[in-house]
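# Coordinate analysis (summary)
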Amino acid sequence: MSSYEGGCACGTVRYRLTAPPLFVHCCHCHDCQRQTGSAFVLNALIETDCLELLSGAPEAHEMRTDSGRPHDIHRCPACGTAVWSDYGRRPYLRFVRVGTLDHPESITPDVHIFTRSKLPWVRVPDGARSFDVFYDMKKEWPAESQERRKRASEKAPG
Ligand SMILES: [Zn+2]
Ligand SMILES: [Zn+2]
């Protein structure tokens with residue numbers, strides 16, 4: 001499982017995913033573009049229980065969002081690298097930045113979302129599932145991931 005270890009740029013924050021992600025987003029929304037300074041963000045959704053902190057203590061930074069939904073980005077306090085997000089203040093779910101994995105190539109996005117604001121030169125791969133805005137979880141998530149998410153949300157408050 002070494003492919004699921006990762007960390008920030010300075011090495012203070014190190015983490016490990018103890019299970020494969022539930023689902024992986026490539027998000028082309030303007031919030032993500034602004035926050036990363038890039039064309040899109042890669043988020044691996046996983047139960048907080050499956051995100052094991054090996055060292056460091058990421059700090060939550062509250063973001064302004066276009067949607068008005070809460071979004072906290074957790075960053076290394078030393079170098080500022082964003083390692084994961086909490087979208088919607090759901091303590092049981094984390095959105096891990098795939099680019100901070102030691103082997104980001106081990107994870108491929110399941111869906112491309114908010115392609116309405118995709119930069120025109122970015123080409124979504126043939127056959128990839130893509131959505132102008134968002135998608136229906138019940139249709140797109142594997143049954144096993146839906147079950148895992150349900151279990152996690154029932155276990156944790158919020
Ligand atoms: Zn750091
Ligand atoms: Zn986004």
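I will try to describe carefully the structure that is included in this document. (Residues numbered from 1 in each chain as written. Chains lettered and ligands numbered in written order. Predicted model: local features only at pLDDT ≥ 70, side-chain atom pairs only at ≥ 80, totals over all residues. Heavy atoms only, no water.)

Strands sit in the order S6-S7-S8-S9-S4-S3-S10-S11 across an open sheet of eight strands; the sheet is mixed. The strands lining the two open edges of the sheet, one partner per strand, are strand S6 (59–62) and strand S11 (129–130). Where strand S3 (residues 23–27) lies against strand S4 (residues 41–47), five bridges are found, and the strand directions are antiparallel. Across the sheet, the residue bridging to Val 24 is Ala 44, located in S4. (Pairing = 2+ DSSP bridges. Helix = DSSP H or I, 4+ residues; strand = E, 2+ residues; numbered from the N terminus.)

Turning our attention to the pairing of strand S9 (residues 93–97). The element S9 is largely enclosed, with a buried count of five among its five residues. The alternating pattern of S9 places Leu 93, Phe 95 and Arg 97 and Arg 94 and Val 96 on opposite faces, both of which are buried. Strand direction decides the pairing type here: S4 and S9, joined by five bridges, are antiparallel. Across the sheet, Ile 46 pairs through a bridge with Arg 94, a residue of S9. The sheet contact formed by strand S8 (residues 82–87) and S9 spans two bridges and is antiparallel. Looking across to S9, one finds that Trp 84 is bridged to Val 96. Hairpin remark: S8 followed by S9, antiparallel, with five residues in the connecting loop; positive phi at Gly 88, about 80°. (Buried < 20%, exposed > 50% of the residue type's maximum accessible area, 1.4 Å probe, protein only.)

This part is about the coordination of the zinc ion (ligand 1). Looking at the zinc ion (ligand 1), the protein donor atoms are Cys 8 (SG), Cys 10 (SG), Cys 76 (SG) and Cys 79 (SG), and they sit 2.3 to 2.4 Å from it. For the zinc ion (ligand 1), the four donor atoms in the first shell make angles of 104 to 112° at the metal, so the coordination geometry reads as tetrahedral. Written as a sequence motif, the donor arrangement for the zinc ion (ligand 1) is C-x1-C-x65-C-x2-C. Remark: Cys 76 occurs in the loop between strand S7 (71–75) and S8 and Cys 10 occurs in the loop between strand S1 (5–7) and strand S2 (14–17); sequence separation between them is 66 residues. We classify Cys 10 as partly exposed; its relative accessible area is 42%. Overall, the relative accessible area of 3% leaves Cys 76 in the buried class. (Donors = N, O, S within 2.8 Å, 3.2 Å for Na, K, Ca; no water. Tetrahedral: all angles 85-135°; square planar, octahedral: opposite > 155°, others 65-115°.)

Taking 1.5 Å per residue as the helical rise, helix H3 (residues 143–155) with its 13 residues ought to reach 18 Å, and the 19 Å between its terminal C-alpha atoms agrees with that figure. Turning to H3, its buried residues number three or more, namely Ser 145, Gln 146, Arg 148, Arg 149 and Ala 152. Taken around the axis of H3, the buried residues stretch over an arc of 160°, which confines them to a single face. Exposed and facing more than 90 degrees away from the buried side of H3 are Ala 143, Glu 144, Glu 154 and Lys 155. Where H3 is buried, its residues contact S4, S9 and helix H2 (137–140). (Expected span 1.5 Å × (residues − 1). Arc of directions from axis to C-beta. Contact = heavy atoms within 4.5 Å.)

Taken together, the protein donors to the zinc ion (ligand 2) comprise Cys 27 (SG), Cys 29 (SG) and Cys 32 (SG), at separations of 2.1 to 2.3 Å. In the primary structure, the donors to the zinc ion (ligand 2) are separated according to the pattern C-x1-C-x2-C. Residues Cys 27 and Cys 32 agree in their burial class; the two are buried.

Right, let's talk about the environment of Asp 49 for a bit. Relative to the helices and strands, Asp 49 is located in the loop between S4 and strand S5 (51–55). The exposure class of Asp 49 is exposed, given its relative accessible area of 58%. Discounting residues that sit within four places of it in the chain, Asp 49 has contacts with Thr 18 and Lys 155. At 2.9 Å, the side chain of Asp 49 and the side chain of Lys 155 are in polar contact. (Polar contact = N/O pair within 3.5 Å; in protein donor to acceptor, adjacent residues only side chain to side chain.)

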